[in-house]
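# Inside the fold
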Amino acid sequence: MSVKENVELVEERITNARERGGFGQAVTTVAVTKYVSTNTAQQALDFGIRHLGESRTEGLVEKQDALQGREASWHFIGQLQSRKVKDVVNRIDYLHSLDRRSLAKEIQKRYTKDESLRCFVQVNVSGEASKSGLHPEEAISFVESLAEFDKIEVVGLMTMAPYTDDPEQTRPYFKQLKELQSTVQSHKWQHAPCTELSMGMSNDFELAIEEGATYIRLGSTLVGDERNES
Ligand SMILES: *Cc1c(COP(=O)(O)O)cnc(C)c1O
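Residues numbered from 1 in each chain as written. Predicted model: local features only at pLDDT ≥ 70, side-chain atom pairs only at ≥ 80, totals over all residues. Heavy atoms only, no water.

The next subject is the overall build of the protein chain. Looking only at helices and strands, the protein chain has nine helices and eight strands in total. Against the 2.2 N^0.38 benchmark of 17 Å for 230 residues, the protein chain shows a C-alpha radius of gyration of 17 Å, consistent with a compact globule. Counting only C-alpha atoms and orienting by the principal axes, one finds that the protein chain spans roughly 45 × 40 × 30 Å. Counting every position in the protein chain, which comprises 230 residues, the buried fraction comes to 50%. Considering only residue pairs separated by 6 or more positions, the protein chain has 59% of its internal contacts joining residues 24 or more positions apart. Looking at the protein chain as shown, the accessible area adds up to about 10900 Å², and 43% of this sits on carbon and sulfur atoms. Side-chain charges of the protein chain comprise 28 positive and 36 negative groups, with the mean position of each set lying 5 Å from the other. (Helix = DSSP H or I, 4+ residues; strand = E, 2+ residues; numbered from the N terminus. Rg over C-alpha atoms; globule rule 2.2 N^0.38 Å. Buried < 20%, exposed > 50% of the residue type's maximum accessible area, 1.4 Å probe, protein only. Contact = heavy atoms within 4.5 Å. Areas by Shrake-Rupley, 256 points an atom, 1.4 Å probe, with all protein chains shown as cover. Lys, Arg positive; Asp, Glu negative; His and termini not counted. Charge placed at Lys NZ, Arg CZ, Asp CG, Glu CD.)

The next thing to look at is the pairing of strand 4 (residues 94–98). Burial analysis of strand 4 places five of its five residues in the buried class, which makes it a mostly covered element. Two elements, strand 3 (residues 73–76) and strand 4, share two bridges in a ladder whose sense is parallel. Each residue of the ladder has a partner; that of His75, found in strand 4, is Tyr94. As paired strands, strand 4 and strand 5 (residues 117–122) are joined by three bridges and run parallel to one another. Bridge pairing in strand 5 places Leu95 opposite Cys119. Between the parallel pair strand 4 and strand 5, the chain is carried across by helix 5 (residues 101–110), and the sense of this crossover is right-handed. (Pairing = 2+ DSSP bridges. Right-handed = clockwise from strand over helix to strand, strands pointing away.)

What follows covers the state of the cysteines. A full pass over the atoms with the stated rule returns zero disulfides. Cys194 forms no disulfide, and the closest cysteine sulfur to it belongs to Cys119, at a distance of 12 Å. (Disulfide = S-S within 2.5 Å.)

Further remarks concern the pairing of strand 1 (residues 28–32). In terms of burial, strand 1 is a largely internal element, four of the five residues being buried. Two strands pair when backbone bridges link them, and strand 1 and strand 8 (residues 215–218) are joined in this way by four bridges, in the parallel orientation. Within the sheet, the bridge partner assigned to Val30 lies in strand 8 and is Arg217. Sheet topology note: the strand 1/strand 2 (residues 51–54) ladder contains three bridges and is parallel. Residue Ala31 lies in a different strand from strand 2, and its bridge partner there is Leu52.

Let's shift gears to helix 5. By the burial criterion, the buried members of helix 5 are Leu103, Ala104, Glu106 and Ile107. For helix 5, the buried positions fall inside an angular range of 165 degrees around the axis, keeping them on one side. Contact partners of the buried residues in helix 5: helix 4 (85–88), strand 4, strand 5 and strand 6 (152–158). (Arc of directions from axis to C-beta.)

As a volume, the largest pocket reaches approximately 600 Å³. As for the largest pocket, its lining consists of 27 residues, and the residues nearest its centre are Lys34, Ile77, Met160, Met201 and Arg217. Class assignment of the residues belonging to the lining of the largest pocket gives a composition of 10 nonpolar, 12 polar and five charged. (1 Å grid on protein atoms, 1.4 Å probe; cavity = no way out; pocket = protein on both sides within 12 Å on 5 of 7 lines; lining within 4 Å. Points joined across faces, edges and corners; volume = space filled by probe spheres on them. Nonpolar A, V, L, I, M, F, W, Y, C, P; charged D, E, K, R; others polar.)

As far as function goes, none of this settles anything; it's purely spatial.
Dropping the structure here:
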């Protein structure tokens, strides 16, 4: 299918999932372009996508430079090594993977814009060893501790659910992230409005929306995966 058809189909699926969920929230689609060319990323913009996500510094720099002048918000969604912070933070609008104090410190040091960087704190709700993010029990105190960094605004929480053939199994993880969000919000910390939830990928985004996702990160189902095409 073409990117155009994918965008249309995804929009329809989002609308239906929002209706089923009943939260009535706005849902922003971040097109994850890590496995596709700049040309494909550009097509996503041509067909109405306004948010692009990359998980590697090189991919971010390459696509952003090539698409200069196009209206787009840039999201960094992958694990961010501290030594790469300086190459990334001043290029992006959102960071989805804030998961440790050393990273926060480095952002504080390297981020040069006046307003603060919009960050999601990544939580490993499933506890899978292969996934990064904080343990749920640590997440609240970590968010609280970020108050000392005036370059960081905690706009929300992010998680990756385990991959499964039965997406329904991921629902408890999305519910758990939503509950954590409510706890953070109840503190009314000025640095952490935490109004957003970044959860849901190609395999499970409808469930994530039903459970309150406001940002979904879609790669394969939206822009495809060109790694094995010749
Ligand atoms: C690759 C990636 C995605 C998109 O994955 P798909 O399953 O292709 O939609 C979303 N979030 C993160 C953090 C990723 O690394």
